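Chains, contacts and geometry: an overview
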Amino acid sequence: MKLYALCDEESLKKRGVSPEEFVAKAKSKGATILQYRNKIDSPKRVEIRLKNIVSIFEGKVIVNDYLEFAYLCDGVHIGQEDLARYGSTSQRAIEKLRNIVGSKRWIGLSTHDKDEIECANDLDIDYIGLGALRATSTKPDANVLGRARLEELAGISSHPVAAIGGVRLNDTIKNVTWLVAGSALYED
């Protein structure tokens, strides 16, 4: 399984870790994708941090939510709740996003259940995020699927699956392409 590193600004600040230290750790663990998520700073600060991460990470860099900065990196990841901002249906929202980011940049979409995955199967996206595998401190209200259910749901996706939420670096999960690790990268 491949590693997809989740660089969350709030987690960095809580741990006193710089983006450069996080990127170095992600690289040392073999991450091929890094998502930058920042829900606490201004758009200008997000842009500055994203540019820095893109300059030091050799793999794909995905920005969370900030569609306006997708041109700086390799794509954008959005949540289910964000789709309504871009269109009246999931299909229209993704069509609009695809028109903005183009065919070469990735679009990732968070999913949590069978209905969302089946809907995503008909969308022009590049992967789905699926979880949570386990309970986490960063998203305490997340619906925990557990391994068996996550494997089952991942099996119905027509897109590659990135398992998220309490993922450990040594997890093996059927039907999953990437393990998304954030907090697990801080542990040794």
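Just so we're clear, the structure is a prediction, and the values are computed from it rather than from any experiment.

The subject of this paragraph is helix H6 (residues 146-154). Note on helix geometry: an α-helix contains 3.6 residues per turn, so any two residues three or four positions apart are oriented the same way. Those residues of H6 lying buried are Leu150, Glu151, Leu153 and Ala154. The arc that holds every buried residue of H6, seen down its axis, measures 165°, which confines them to one face.

Core analysis: the biggest nonpolar cluster contains 52 residues, and Leu34 and Leu130 have the highest contact counts within it. Sequence-distant contacts of Leu34, defined by excluding residues within four places in its chain, comprise Ala5, Cys7, Phe22, Val23, Ala26, Ile53, Phe57, Lys60, Val61 and Ile62. Ranked by size, the runner-up nonpolar core spans 9 residues in total, among them Tyr4, Leu6, Ile33 and Trp178.

A cis amide bond, omega 20°, links Gly131 with the succeeding residue Ala132. Within the secondary structure, Ala132 is located in the loop between strand E6 (127-131) and H6. Unusually for a residue other than glycine, Asp65 sits at a positive phi of about 75°. By the secondary structure assignment, Asp65 is in the loop between strand E3 (60-64) and strand E4 (75-78). On the basis of relative accessible area, Asp65 is assigned to the buried category, the value being 16%. Backbone geometry at Asn175 places phi at a positive 70°, although glycine is not the residue there. Structurally, the position occupied by Asn175 is in the loop between strand E7 (161-164) and strand E8 (178-181). By relative accessible area, which is 48% here, Asn175 ends up partly exposed.

What follows deals with the packing of aromatic side chains. The tally for this structure, following the rule as stated, stands at 7 aromatic pairs. Between the aromatic rings of Tyr4 and Trp178, the centroid separation amounts to 6.5 Å while the plane-to-plane angle is 70°, which identifies the pairing as edge-to-face. Placement of Tyr4 in strand E1 (residues 2-8) and of Trp178 in strand E8 is noted, with a sequence separation of 174 residues between them. For the pair Phe22 and Tyr186, a centre-to-centre distance of 5.7 Å together with 55° between the ring planes defines the contact as tilted. Pair noted here: Phe22 is in helix H2 (residues 19-28) and Tyr186 is in the segment after E8, with a separation of 164 residues, a long-range link. Given a relative accessible area of 21%, Tyr186 falls into the partly exposed group. Joined through ring pairs, the aromatic side chains of Tyr4, Trp106, Tyr127 and Trp178 make up one cluster.

According to the stated counting rule, one finds 15 salt bridges in the structure shown. Among the salt bridges present, the one from Glu58 reaches Lys27, with a minimum N-O distance of 3.2 Å. Placement of Glu58 in the loop between helix H3 (43-56) and E3 and of Lys27 in helix H2 is noted, with a sequence separation of 31 residues between them. For Glu58, a relative accessible area of 65% puts it in the exposed group. Its salt-bridge partner being Arg98, residue Asp124 comes within 3.1 Å of it at the nearest N-O pair. Here Asp124 is found in the loop between helix H5 (114-120) and E6, whereas its partner Arg98 is found in helix H4 (residues 90-101), with 26 residues between them in sequence. Salt bridges sharing common partners tie together Lys44, Glu47 and Lys51.

Attention shifts here to the side chain of Ser157. Along the chain, the position of Ser157 falls in the loop between H6 and E7. Side-chain polar atoms of Ser157 contact the backbone oxygen of His159, separated by 2.8 Å. In this structure Ser157 touches Ile117, Asn121 and Ile128, once residues within four positions along its chain are discounted.

Looking now at the environment of Val76. Tracing the chain through its elements places Val76 in strand E4. Among the residues examined, Val76 registers a relative accessible area of 0% and is labelled buried. The spacing of Val76 and Gly108 is 32 residues in sequence and 6.3 Å in space, taken between C-alpha atoms. Residue contacts for Val76: discarding those within four places in its chain leaves Ile62, Val63, Asp65, Tyr66, Leu67, Ala70, Val101, Trp106, Ile107 and Gly108.

What counts and what doesn't
- Residues numbered from 1 in each chain as written.
- Predicted model: local features only at pLDDT ≥ 70, side-chain atom pairs only at ≥ 80, totals over all residues.
- Heavy atoms only, no water.
- Buried < 20%, exposed > 50% of the residue type's maximum accessible area, 1.4 Å probe, protein only.
- Helix = DSSP H or I, 4+ residues; strand = E, 2+ residues; numbered from the N terminus.
- Arc of directions from axis to C-beta.
- Core = buried A, V, L, I, M, F, W, Y, C linked by side-chain atoms within 4.5 Å.
- Contact = heavy atoms within 4.5 Å.
- Phe/Tyr/Trp six-rings, centres within 6.5 Å; stacked < 30°, edge-to-face > 60°.
- Salt bridge = Lys/Arg side-chain N within 4 Å of Asp/Glu carboxyl O.
- Polar contact = N/O pair within 3.5 Å; in protein donor to acceptor, adjacent residues only side chain to side chain.

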